[in-house]
Amino acid sequence: MRSWPTQRKFAVVIWITLSAGYVIWQGIPFDRATQLLIIITAALAFSIGTTTRSIRVFADWVPFAILLYGYDYSRGAADTFGFKVRVEEIYNIELSWFGWLFDGQIPTVWLQQNLYVPNQIAWWEALVALVYVSHFVVPWALVGILYIKNRALWAKFARRVITISLASLITYVLIPAAPPWYAARAGLGEPVVRIATRGWEIIGLPIAGQIISLGQGVVNQVAAIPSLHAGMAVTISLFFWGRTGLKLRIFFVCYVSLMIFALVFGGEHYIFDAVVGLGYALLVEFGARFWESRRSQTRPIFTKSRLKTS
């Protein structure tokens, strides 16, 4: 930081001050526009005095902006093409796969009947809320940090985030699927309550919980398959697995497990959705590794051929 030019130091200080002030005033931003604004302005501030031009920063983040807003409007695309919303099919798969473990009920219903107390929030529900909401912050924070710290790693991680997001987005349009709370309102099984974010009240941020709940009402309500919450958690874990030590690997295992629990207990996803999300993450990770290895093998050959011809 001592070697930074004065302009960059000044810009970073302004960015930190404004971002911190916004968080203190409004809380952690969960809306797409604010998240992108904070990340892009950070990239601009930290790139001052480097070879990265401002137009390049905006170009690098265009795919993320398209994906974030595309997810929110994918329901409209599904309605436009007239694809049937899968309600009974997914419910029956969940019941046949896991019902025998949960007294003949889907896991969400069993968990809520045994753990959910309407007028009393347990301490551990704060952890459920934090893990659930981390999906809206952690991937983009990591993308932003890597963009500033290590552009090569950023390119690899961004490739995975964009690929799994795009694959999920296409699936949401072609195969709109209902989550447990939606199926319950359609008359399937016992009642299901959306409670993934109510733990915010223990943390002391009930407004944040209300904002998230409001956001849940305007985004795609039938984007259950795959669970991008679970898929993104696995994507992050797989990407950093070989770059971290034992403690962080244990953390990744706990994080993915808690994410799946939060989704199922909160009524947001079936276990089946999470399994499909895990499958997407595995395909993306190993597909990216294969592509990157092939690319690294072809580069030296290309370089040598150019040297010979010159």
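Quick summary incoming for the structure in this document. (Residues numbered from 1 in each chain as written. Predicted model: local features only at pLDDT ≥ 70, side-chain atom pairs only at ≥ 80, totals over all residues. Heavy atoms only, no water.)

**A word on the layout of surface pockets**
Applicable threshold: Within this scheme a cavity is a closed region of a 1 Å grid, computed over the protein atoms alone, that accommodates a 1.4 Å probe without allowing it to escape, whereas a pocket is open but has protein on both sides within 12 Å along at least five of seven lines; lining residues each have an atom within 4 Å of a point. Grid points are joined across faces, edges and corners, and a volume is the space filled by probe spheres set on the points. Where helices and strands are cited, they refer to DSSP runs of H or I of at least four residues and of E of at least two residues respectively, numbered from the N terminus. Each residue is assigned to one of three groups, with Ala, Val, Leu, Ile, Met, Phe, Trp, Tyr, Cys and Pro labelled nonpolar, Asp, Glu, Lys and Arg labelled charged, and all others, Gly among them, labelled polar.
What the second largest pocket holds in volume is close to 410 Å³. For the second largest pocket, the lining is made up of 19 residues, of which W15, I38, I39, W140 and A141 are closest to its centre. The set of elements that each furnish at least two residues to the lining of the second largest pocket consists of helix 1 (6-26), helix 2 (32-46) and helix 8 (138-149). Considering only residue class, the lining of the second largest pocket consists of 15 nonpolar, three polar and one charged.

**Structural notes on the packing of helix 8 against helix 9 (residues 151-174)**
Inclusion rule: Angular values range over 0 to 180 degrees, each being the angle between N-to-C directions of two axes fitted as lines to C-alpha atoms, with helices fitted over their stretch in contact. Throughout this description, any angle smaller than 35 degrees is read as roughly parallel, any larger than 145 degrees as roughly antiparallel, any in the 65 to 115 degree range as roughly perpendicular, and the remainder as oblique. Crossing handedness follows the turn of the near helix against the far one: under a right angle anticlockwise gives a left-handed crossing, and clockwise gives a right-handed one. Only heavy atoms matter for contacts: two residues are in contact if any of them lie within 4.5 Å across the pair.
Between helix 8 and helix 9, whose axes approach to 7 Å, the crossing angle comes to 150°. By the angle between their axes, helix 8 is roughly antiparallel relative to helix 9. As helix 8 runs across helix 9, the sense of the crossing is left-handed. Contacts between helix 8 and helix 9 involve P139, W140, L142, V143, L146, Y147 and K149 from the former and R151, L153, W154, F157 and V161 from the latter. Grouping the constituent residues of the contact of helix 8 with helix 9 by class yields ten nonpolar, no polar and two charged.

**What to know about the nonpolar core**
Inclusion rule: Grouping buried Ala, Val, Leu, Ile, Met, Phe, Trp, Tyr and Cys residues that are joined through side-chain atoms within 4.5 Å yields what is termed a nonpolar core. Buried residues are those whose accessible area, probed at 1.4 Å on protein chains only, stays under 20% of the maximum for their type, while exposed residues exceed 50% and partly exposed ones sit between those limits.
With 51 residues, the main nonpolar core has W61, F64, W154 and F157 as its most contacted residues. For this core, the leading source of residues is helix 13 (residues 228-241), giving nine residues. When near neighbours in sequence (up to four residues on either side) are disregarded, W154 contacts D60, W61, F64, V143, L146 and Y147. Grouped together as the second largest cluster of nonpolar side chains are 17 residues, W181, A183, L188 and I225 included.

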